[in-house]
2 protein chains.
Amino acid sequence: MTSGRVTIADVARRAGVSTAAVSKVVRGAYGVSAEMQTKVTQAIEELGYRPHAAARALRGRTYTLGVMLSDTRNPFFPDIIEGITGRLGDTEYQVLLGPGGIEPKTQARMTDAMIDRSMDGLILISPVMTDAELAAIATATPVVVVGRHGGAAAYDAVVDDDVMGAGLVVDHLVGLGHTRIAHITHLERARAQGLPHTVRAEGYRQAMRAHGLADDVLATSFTEEGGFEGARELLARDDRPTAIFAGADIAALGVLRAADEAGLSVPEDLSVAGYDNIGIASLKRISLTSVDQDGHVIGATAAQLLVERIEGRSRSVTSSVSPTLIVRGTTGPPRP
Amino acid sequence: MTSGRVTIADVARRAGVSTAAVSKVVRGAYGVSAEMQTKVTQAIEELGYRPHAAARALRGRTYTLGVMLSDTRNPFFPDIIEGITGRLGDTEYQVLLGPGGIEPKTQARMTDAMIDRSMDGLILISPVMTDAELAAIATATPVVVVGRHGGAAAYDAVVDDDVMGAGLVVDHLVGLGHTRIAHITHLERARAQGLPHTVRAEGYRQAMRAHGLADDVLATSFTEEGGFEGARELLARDDRPTAIFAGADIAALGVLRAADEAGLSVPEDLSVAGYDNIGIASLKRISLTSVDQDGHVIGATAAQLLVERIEGRSRSVTSSVSPTLIVRGTTGPPRP
DNA sequence: CTAACAATGGAGAACGTTCTACATAATACC
DNA sequence: GGTATTATGTAGAACGTTCTCCATTGTTAG
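Residues numbered from 1 in each chain as written. Chains lettered and ligands numbered in written order. Predicted model: local features only at pLDDT ≥ 70, side-chain atom pairs only at ≥ 80, totals over all residues.

## Quick look at the UniProt feature "domain: HTH lacI-type" (unreviewed entry) in chain A
As a reminder of what qualifies: UniProt positions are given in the numbering used here, feature names are shortened, and annotations may be inferred rather than shown by experiment. We count a stretch as a helix when DSSP gives it H or I for four or more residues in a row; a strand needs E for two or more, and each element gets its number in order from the N terminus.
As annotated by UniProt and renumbered to match this structure, "domain: HTH lacI-type" (unreviewed entry) occupies residues 6-60 of chain A. Counted over residues 6-60 of chain A, helix gives 69% and strand 0%. Its end C-alpha atoms are 20 Å apart.

## Concerning the sheet that holds strand β8 (residues 243-246) of chain B
Residue and element names in this part refer to chain B. Spelled out, the test is: Pairing between two strands requires that DSSP report at least two bridges joining them. Between N-to-C directions, angles span 0 to 180 degrees; the directions come from axes that are lines fitted to C-alpha atoms, helices contributing only their stretch in contact.
Ordered by their spatial adjacency, 4 strands build an open sheet running β7-β6-β8-β9, and the pairing between neighbours is parallel. Two strands lie at the open edges of the sheet, namely β7 (217-220) and β9 (271-273), each paired on one side alone. Here the average twist between neighbouring strands, direction ignored, is 20°. Pairing geometry for strand β6 (residues 181-186) and β8, over 4 bridges, is parallel.

## Side note on the domain arrangement of chain A
Formally: Bear in mind that the domain bounds are from an automatic or database domain assignment.
Segmenting chain A into domains produces domain 1 (2-51), domain 2 (64-160 + 295-321) and domain 3 (162-293). One C-alpha centre belongs to domain 1 of chain A, the other to domain 2 of chain A, and the line joining them spans 33 Å.

## Topic: the relation of the copies chain B and chain A
The test is simple: For this overlay, a least-squares fit was computed on C-alpha atoms, restricted to residues scoring pLDDT of at least 70 in both copies. What counts as a contact is two residues whose backbone-derived C-beta atoms lie within 7 Å of each other.
Superposing chain B onto chain A takes a rotation of 180° combined with a translation of 0.1 Å along the rotation axis, leaving an RMSD of 0.1 Å. This pairing of chains is accounted for by a two-fold axis. Of the interface residues in chain B, 100% have counterparts in chain A that sit at the interface too, so the contact is made through matching surfaces.

## A closer look at helix α3 (residues 34-47) of chain A
Spacing of three or four residues puts side chains on the same side of an α-helix, whose turn is 3.6 residues. Residues and elements named next belong to chain A. Put simply, the test is: Multiplying one less than the number of residues by 1.5 Å gives the expected span of a helix. In this scheme the burial state of a residue depends on its C-beta neighbours within 10 Å: 20 or more other such atoms mean buried, 12 or fewer mean exposed, and anything in between means partly exposed; the C-beta positions come from the backbone. The arc in question is formed by the directions pointing from the helix axis toward the C-beta atoms.
Along its 14 residues, α3 runs 20 Å from first to last C-alpha, staying within 8% of the 20 Å computed at 1.5 Å per residue. Buried residues of α3: Val 40, Ala 43 and Ile 44, and no others. The buried residues of α3 occupy an angular sector of 100° when the element is viewed end-on, so they sit on one face. Turned more than 90 degrees from where α3 packs its buried face, Ala 34, Glu 35, Thr 38, Glu 45 and Glu 46 sit exposed. Where the residues of α3 are buried, they touch α1 (8-15) and α2 (19-27).

## Focus: the protein's contact with DNA strand D
Selection rule: Any residue whose backbone-placed C-beta atom lies within 6 Å of a molecule or strand is treated as near that molecule or strand.
In the vicinity of DNA strand D, 28 residues are found, and the nearest of them are A:Leu58, B:Ile8, B:Ser23, B:Ala55 and B:Arg59. Within the residue set of the surface near DNA strand D, elements represented by two or more residues are α2, α3 and α4 (53-59) of chain A together with α2 (19-27) and α4 (53-59) of chain B. Per element, the largest residue contribution to the surface near DNA strand D is 5 residues, and it comes from α2(B).

## Some details on the nonpolar core
The line we're drawing: By definition, a nonpolar core groups buried Ala, Val, Leu, Ile, Met, Phe, Trp, Tyr and Cys residues that connect through C-beta atoms lying within 7 Å of each other.
Formed by 171 residues in total, the largest nonpolar core has its most connected members in A:Ile123, A:Val144, A:Ile244, B:Ile123, B:Val144 and B:Ile244. Those residues in contact with A:Val144, other than ones at most four positions away along the chain, are A:Ile123, A:Tyr155, A:Asp156, A:Ala157, A:Val158, A:Ala302, A:Leu305 and A:Leu306.

## As for the sheet that holds strand β7 (residues 217-220) of chain A
Residues and elements named next belong to chain A. Reading across the sheet, the 4 strands line up as β7-β6-β8-β9 and stay open at both edges, with parallel pairing between neighbours. Among the strands making up the open sheet, the edge pair consists of β7 and β9 (271-273). When strand polarity is set aside, the average angle formed by the axes of neighbouring strands in this sheet is 20°. Relative to β7, strand β6 (residues 181-186) runs parallel, the two being bridged by 4 bridges.

## Things to note about the packing of helix α5 (residues 77-88) of chain A against helix α12 (residues 295-310) of chain A
All names here are of chain A. Put simply, the rule is: Angles below 35 degrees are treated as roughly parallel, those above 145 as roughly antiparallel, those between 65 and 115 as roughly perpendicular, and all remaining angles as oblique. Here a crossing is called left-handed whenever its near helix is offset anticlockwise from the far helix by less than a right angle, and right-handed whenever the offset is clockwise. In this classification, Asp, Glu, Lys and Arg are treated as charged, Ala, Val, Leu, Ile, Met, Phe, Trp, Tyr, Cys and Pro as nonpolar, and every other residue, Gly included, as polar.
Packing of α5 against α12 leaves a shortest axis separation of 6 Å and a crossing angle of 45°. Considering the angle they form, α5 stands oblique to α12. Our pair here, α5 against α12, has a crossing hand that is right-handed. Listed contacts from α12 to Asp 79, Ile 80, Ile 81, Glu 82, Gly 83, Ile 84, Gly 86, Arg 87 and Leu 88 of α5 are Gly 295, His 296, Val 297, Ile 298, Gly 299, Ala 300, Ala 302, Ala 303 and Gln 304. Grouping the constituent residues of the contact of α5 with α12 by class yields 9 nonpolar, 6 polar and 3 charged.

## Structural notes on the protein's contact with DNA strand C
As a matter of local geometry, DNA strand C sits amid 28 residues, with A:Ile8, A:Ser23, A:Ala55, A:Arg59 and B:Leu58 nearest to it. Within the residue set of the surface near DNA strand C, elements represented by two or more residues are α2 and α4 of chain A together with α2, α3 (34-47) and α4 of chain B. With 5 residues, the top contributor of residues to the surface near DNA strand C is α2(A). Residue composition of the surface near DNA strand C, grouped by class: 12 nonpolar, 10 polar and 6 charged.

## Thoughts on the interface of chain B and chain A
Between chain B and chain A, the contact holds 34 residues from the first and 35 residues from the second. Contributing elements (two or more residues each) for the side of chain B that touches chain A: α4, α5 (77-88), β2 (94-99), α6 (104-116) and α11 (249-261) of chain B. The element that contributes the greatest number of residues to the side of chain B that touches chain A is β2(B), accounting for 6 residues. Broken down by class, the residue content of the side of chain B that touches chain A amounts to 16 nonpolar, 8 polar and 10 charged.

## Comments concerning the pairing of strand β1 (residues 64-69) of chain A
Residue and element names in this part refer to chain A. Here is the rule we go by: We call a crossover right-handed when, viewed with both strands directed away from the observer, the connection leading from the first strand over the helix to the second proceeds clockwise.
The element β1 is largely enclosed, with a buried count of 6 among its 6 residues. Here 6 bridges tie β1 to strand β2 (residues 94-99), and the two strands are oriented parallel to one another. Within β2, the position partnered with Leu 69 by the bridge is Pro 99. Taken together, β1, α5 and β2 constitute a β-α-β crossover, and its handedness is right-handed. Where β1 meets strand β3 (residues 121-125), 5 bridges bridge the pair, whose relative direction is parallel. Looking at β3, one finds that Leu 69 is bridged to Ile 125.

Rendered as structure tokens:
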């Protein structure tokens, strides 16, 4: 078991130097001669030494960054994670993901666990805890919050500009000639503020107002079923909308099903747009117009900010990433 | 920072006992009086003490289990992870996920990192490394391998019975009256043996033989594009198949697109079946017949086996989980 | 009443690093 | 040639736990 592990003492013995010297070489610290450098490096290679992160934790860094995921099923997590690991690929940092669940309590348990494992910093993706809890975590360790608008005193934040994203959709639909554009959002029940769906709905309202149009928001849930139910209700109205903007692609898929069942053809009878640009949106069979968040950029930015924080920056930063509209086959001009 | 951390010494001081005694209480070890128990427990609560996992690591357990993910995009990972965390929910163990990437080298880096962080055990999901590398890891720490058939001397394994799954599909299609059933598989290029797609293809061949039918395997890749290309080739043949069984749902979606483009209606002109039962397969708009692996059971079993290993079992176990066929709208009797 | 033993609590040495302080050697300056 | 300065290496004390002895109590047996 652990008996087989090569330690810094083994390396020191092999190279005929002190453990302190080996530690210096490993850390790239000041005060090492070229000769010492080569001697130790060689011994490390020969023995296949790797520093024991847990032992390091007791004194300094662990070179481990934790990413708390609020919902493993969220389809653009992979992009964000790729962005994070990509940005960190050439550093010594390792990334570990913690499935935090969707409950504040389980998320708190996970962040505690990460702190207990002395991770050097945390990236929290769409956390649902209160601002106070968030602030408490941020005093214990450097934190970057992803996907949550608002208050960021003690930590950094990376957000998608959801107001802009919603605006892009509305502008696009208005440009096509639509005037009755409805929005399906997620029913607010968490106490956490600044969650994306709220901001998207607000962005939709702003954009509609800017065009002098009446807004029409229906709150169900961001699931296929939620989209289906919402669309069914909207399509049953006398002056049914000619376009539905769902706040999430998964809900947009439900809208498409409702259109199918109602015998409406897309986009002739009904235009449909989503948000998130999940993988299947691009499948030719679906071809859903959607807002793309560029998870890569979001993840890379979060990683960047976190490393900066760890390395000493104390001023707090909020970075906003601009989304882009991907126009596909589910949106078109309304039937005259 | 760390200065704020409550340590076992603080608890000992508060309770007026030794650190050794506190440690005993925390670990539930032998030799603690009822009075000591309550005194210490109370002090722990008052101070909000949580054991420092990194410090624990140096002596005993870390109560951390690592799960290496080979491909974060794989749509049934969430189920497996839920199965794992669900099974572990009432224990002291915490689960951390490591994105290992799809390259043997990056996966090795991740498993090394997990071992360096002295995790108590590892679950490897569809690892692509060689059997030798796998065995090496298994000597360093308890290991459970998920989704890889074959050799399991030093570690436990949980596999989906892919032979059975492929058989279910073939039996279903033959039962509907199909005789020309083609299979699309993933092009083998990794050196790792026993990967699911190989076994599924073999199961398909066995089942076809059992029915006295000729097999027809085409290797492209498990992507939407791979399914599309494969289907296009198959459908261009003179005696084109009346049913296509894709080894993965994502490829099956490509098959559906190819059918659309060829003007074939599903399932009348072509039956299509997939494997994995990914979330969107159940969307009414897709309604794909598929084989369900029950990721929950797989994950829960893996967690169970790992904990058993950690707690001392040395005999190696391989657990096979039976898949089920979910019949939906993309399969039906062939046109007479 | 004493010897043997069980039950309980505590001292203190690990575990594998980092890092401050110091010792020594080499170089620079006048 | 002596002193100040810089460069290089090492001792050894942390870090927060666990866990193996021991020391001290009671308790039981004879």
